[in-house]
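Listed here are the chains, written in short residue letters.
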Amino acid sequence: MATTCPTPATGANSSVYYVKEEVCGVTPENPAFKELRRTSGNMQLNKDTLESNELDGSRDRSSVRLGQNQASGEFGIVQSFTSHDDFYAAAIGGEFTPGQTQGGLNIT
């Protein structure tokens, strides 16, 4: 009987989705998530720890607690028509309307 090993978790085996927020920090009531078209990358959660420098006579650290959480990461993308218009709109702080295209033009 042959056994199969599970595929290791990698960024290639994951999908990333996003949704536009009308109010900053509030997910819409009925969100319509869109998949982010990407070639590489993933998100990480970085957690800072806060430690006291107090010397209390023991070898243990005293008063260790979590500080700020930060989400970070970067994604590689391939530009394609209308795929990333939501991100262009967010970057300019408004609506993004792509320009018109013309086919069959002769450039002289």
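1. Let's talk about the overall build of the chain
Thought 1: In terms of regular secondary structure, the chain is built from one helix and four strands.
Thought 2: Written out in order from the N terminus, the α and β elements of the chain read β-β-β-β-α.
Thought 3: The burial tally for the chain puts 8% of its 108 residues in the buried class.
Thought 4: Counting only contacts in the chain whose residues sit at least 6 apart along the sequence, the fraction spanning at least 24 positions is 44%.
Thought 5: Working note: accessible area of the chain is about 9700 Å², and carbon and sulfur atoms make up 51% of it.

2. Let's talk about the confidence of the model for the chain
Thought 1: Model confidence for the chain is summarised by a mean pLDDT of 80, while 82% of its residues fall at 70 or above.
Thought 2: When mean pLDDT is compared element by element in the chain, strand β2 (residues 34–35) scores highest at 91, while strand β3 (residues 40–50) scores lowest at 84.

3. So, unusual backbone geometry
Most peptide bonds adopt trans geometry, and most residues besides glycine take a negative phi value.
Thought 1: One non-glycine residue, T82, lies in positive phi territory at about 65°.
Thought 2: With respect to the helices, strands and loops of the structure, T82 is situated in the loop between β4 (65–76) and α1 (85–92).
Thought 3: What makes T82 partly exposed here is its relative accessible area of 44%.

4. Here's the deal with the pattern of salt bridges
Thought 1: Taken as a whole and judged by the stated rule, the model has one salt bridge.
Thought 2: The closest approach of N and O atoms between D86 and K34, which form a salt bridge, is 2.9 Å. You can see D86 sitting in helix α1 and its partner K34 sitting in strand β2, a full 52 residues away along the chain.
Thought 3: The partly exposed category is assigned to D86, whose relative accessible area is 29%.

5. Observations concerning the layout of surface pockets
Thought 1: A volume near 490 Å³ is recorded for the largest pocket.
Thought 2: Listing elements by their share of the lining of the largest pocket, those giving two or more residues are β1 (17–18) and α1.
Thought 3: Counted by class, the lining of the largest pocket contains twelve nonpolar, three polar and five charged residues.

6. Digging into the environment of E51
Thought 1: Tracing the sequence through the fold places E51 in the loop between β3 and β4.
Thought 2: For E51, a relative accessible area of 40% puts it in the partly exposed group.
Thought 3: Each C-alpha atom, one on E51 and one on V64, is 4.7 Å from the other, the two residues being 13 residues apart in sequence.
Thought 4: If sequence neighbours within four positions are ignored, E51 has contacts with R61, S63 and V64.

What counts and what doesn't
- Residues numbered from 1 in each chain as written.
- Predicted model: local features only at pLDDT ≥ 70, side-chain atom pairs only at ≥ 80, totals over all residues.
- Heavy atoms only, no water.
- Helix = DSSP H or I, 4+ residues; strand = E, 2+ residues; numbered from the N terminus.
- Buried < 20%, exposed > 50% of the residue type's maximum accessible area, 1.4 Å probe, protein only.
- Contact = heavy atoms within 4.5 Å.
- Areas by Shrake-Rupley, 256 points an atom, 1.4 Å probe, with all protein chains shown as cover.
- pLDDT = per-residue confidence, 0-100.
- Salt bridge = Lys/Arg side-chain N within 4 Å of Asp/Glu carboxyl O.
- 1 Å grid on protein atoms, 1.4 Å probe; cavity = no way out; pocket = protein on both sides within 12 Å on 5 of 7 lines; lining within 4 Å.
- Points joined across faces, edges and corners; volume = space filled by probe spheres on them.
- Nonpolar A, V, L, I, M, F, W, Y, C, P; charged D, E, K, R; others polar.

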